[in-house]
Amino acid sequence: MRKALVAGNWKMNGSKEQAEALVKELIEGFSSGSCSLGKQADVAICPPAVYLDRVSGLVAGSDIKLGAQNCSEYCSGAYTGELSAEMLVDLACQYVILGHSERRALFSETDQQVAKKFETAKASGLVPVLCVGETLDERESGKTLDVVSAQINAVIDHLGQSAFDRAVIAYEPVWAIGTGKTASPEQAQEVHKEIRSQVAASNQVVAEKLQILYGGSMNAKNAQSLMAMADIDGGLVGGASLKAEDFLTICQAASR
Ligand code: PEP
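Please read these numbers as outputs of a predicted model, since none were measured by experiment.

Caption draft 1: Layout of the packing of aromatic side chains. Per the counting criterion, the structure on display carries three aromatic pairs. Seen in terms of ring centroids, Y74 and Y79 are 4.0 Å apart; in terms of plane orientation they differ by 5 degrees. Their pairing is stacked. Judged by its relative accessible area of 35%, Y79 falls in the partly exposed class. Taking the centre distance of 5.4 Å and the plane angle of 70 degrees together, the rings of F118 and F164 count as edge-to-face. In this pair, F118 sits in helix 5 (residues 111-123) while F164 sits in the loop between helix 7 (144-159) and strand 6 (168-171), placing the two residues 46 residues apart along the sequence.

Spelled out as structure tokens, the structure:
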């Protein structure tokens, strides 16, 4: 059985004080037993990069792992404003979100650029969480599977058949992100199953192990029904990860 993963994407929200308070509430939730992960689930939080160092110190020794929201495709050098995968490892990050739809849409990241970032992240020992997903127009014109498949193939073309070994995919329909509209468990499962088959076509063993997360308005109420589906192995959670109680409820749903 695959272990679940719940990752909180804090995006560009909060202050240092709020980040510290949220982490403390989460740690308290896990240590008091109000949420118990057992061996079934991992939990990661992805704060804004400037707070990673502070949060890293706070989560050390707890059940919470650390992730970043992006990294450069380059290893080091004259890339003003960028953060390398090695720097994230230096701060004890274990995961990095890559190819989030906000980065693709607002910062013009291409499939090829995302594939390079994915390569750099893996080479540094980070677990990349590759975000894929279709817009509403693409869904309504029946292109969902083509879009998702192209986003995944860009990584396989770049890195070969074992690309998704020690990696995570997050299916995040763009129309469900931050909108309060969630894909139904059946809609999400259909795409997750296809993603697993696509990865299996290049590597069956990797596909069986691959954690495929759902993201898009996952919340304390819908998490359980989504994660009950056979190919949904957890969640990438935006808005609801900023409220400790909701995030803990989602984590608890993943650990059943
Ligand atoms: C996200 O940004 O990855 C996300 C899933 O956001 P939300 O949960 O707020 O829809």
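Caption draft 2: The arrangement of the site of the ligand in detail. Neighbouring the ligand are 14 residues, the closest being K11, H100, E172, G178 and S217. Contacts to the ligand include G178, whose backbone N or O atom sits 2.7 Å from an oxygen atom. A distance of 2.9 Å separates an oxygen atom of the ligand from a polar atom in the backbone of G239. A total of 290 Å² of accessible area belongs to the ligand in isolation, and the protein chains cover 95% of it.

Caption draft 3: Layout of the state of the cysteines. A complete count under the given rule lists zero disulfides for this structure. With no disulfide of its own, C93 has C46 as its nearest cysteine by sulfur position, at a separation of 8.0 Å. Lacking any disulfide linkage, C131 is separated from the closest cysteine sulfur, that of C46, by 9.4 Å.

Caption draft 4: A look at the sheet that holds strand 7 (residues 211-215). A barrel is described by the order of its strands in space; here eight strands give the closed sequence 1-2-3-4-5-6-7-8, paired in parallel fashion. Mean inter-strand twist for the sheet, computed between neighbouring axes without regard to direction, equals 30 degrees. As judged from the three bridges shared by strand 2 (residues 41-46) and strand 3 (residues 64-68), these two strands associate in the parallel manner. Looking at strand 3, one finds that I45 is bridged to L66. On the sheet, helix 11 (residues 244-254) packs against strand 1 (4-9), strand 2 and strand 8 (234-237) and is oriented at approximately 165 degrees with respect to strand 1.

Caption draft 5: Spotlight on the packing of helix 7 against helix 8 (residues 185-202). Their axes nearest at 11 Å, the elements helix 7 and helix 8 cross at an angle of 35 degrees. Crossing of helix 7 over helix 8 shows right-handed handedness. Between helix 7, through T144, L145, V148, S149, I152, N153 and I156, and helix 8, the contact on the second element is made entirely by V191, E194, I195, Q198, V199 and S202. Residue composition of the contact of helix 7 with helix 8, grouped by class: seven nonpolar, five polar and one charged.

Caption draft 6: The side chain of Q198, seen in detail. Mapped onto the elements, Q198 comes out in helix 8. Given a relative accessible area of 16%, Q198 falls into the buried group. The residues touching Q198, leaving out its near neighbours within four places in the chain, are V148, S149, I152 and N153.

Caption draft 7: Just the nonpolar core, in detail. Counting 69 residues, the largest nonpolar core has I45, I152, F164, I169, I195 and Y214 as its most contacted members. Here this core takes seven residues from helix 11, the largest share from any one element. Aside from chain neighbours lying at most four places away, what touches I45 is G8, W10, V23, L26, V55, V59, I64, K65, L66, G67 and F247. A7, A44, C46 and L236 belong to the second largest nonpolar core, which has twelve residues in total.

Cut-offs applied
- Residues numbered from 1 in each chain as written.
- Predicted model: local features only at pLDDT ≥ 70, side-chain atom pairs only at ≥ 80, totals over all residues.
- Heavy atoms only, no water.
- Phe/Tyr/Trp six-rings, centres within 6.5 Å; stacked < 30°, edge-to-face > 60°.
- Buried < 20%, exposed > 50% of the residue type's maximum accessible area, 1.4 Å probe, protein only.
- Helix = DSSP H or I, 4+ residues; strand = E, 2+ residues; numbered from the N terminus.
- Near = heavy atom within 4 Å.
- Polar contact = N/O pair within 3.5 Å; in protein donor to acceptor, adjacent residues only side chain to side chain.
- Areas by Shrake-Rupley, 256 points an atom, 1.4 Å probe, with all protein chains shown as cover.
- Disulfide = S-S within 2.5 Å.
- Pairing = 2+ DSSP bridges.
- Axes fitted to C-alpha atoms, helices over the stretch in contact; angles between N-to-C directions.
- Contact = heavy atoms within 4.5 Å.
- Left-handed = near helix turned anticlockwise from the far one by under 90°.
- Nonpolar A, V, L, I, M, F, W, Y, C, P; charged D, E, K, R; others polar.
- Core = buried A, V, L, I, M, F, W, Y, C linked by side-chain atoms within 4.5 Å.

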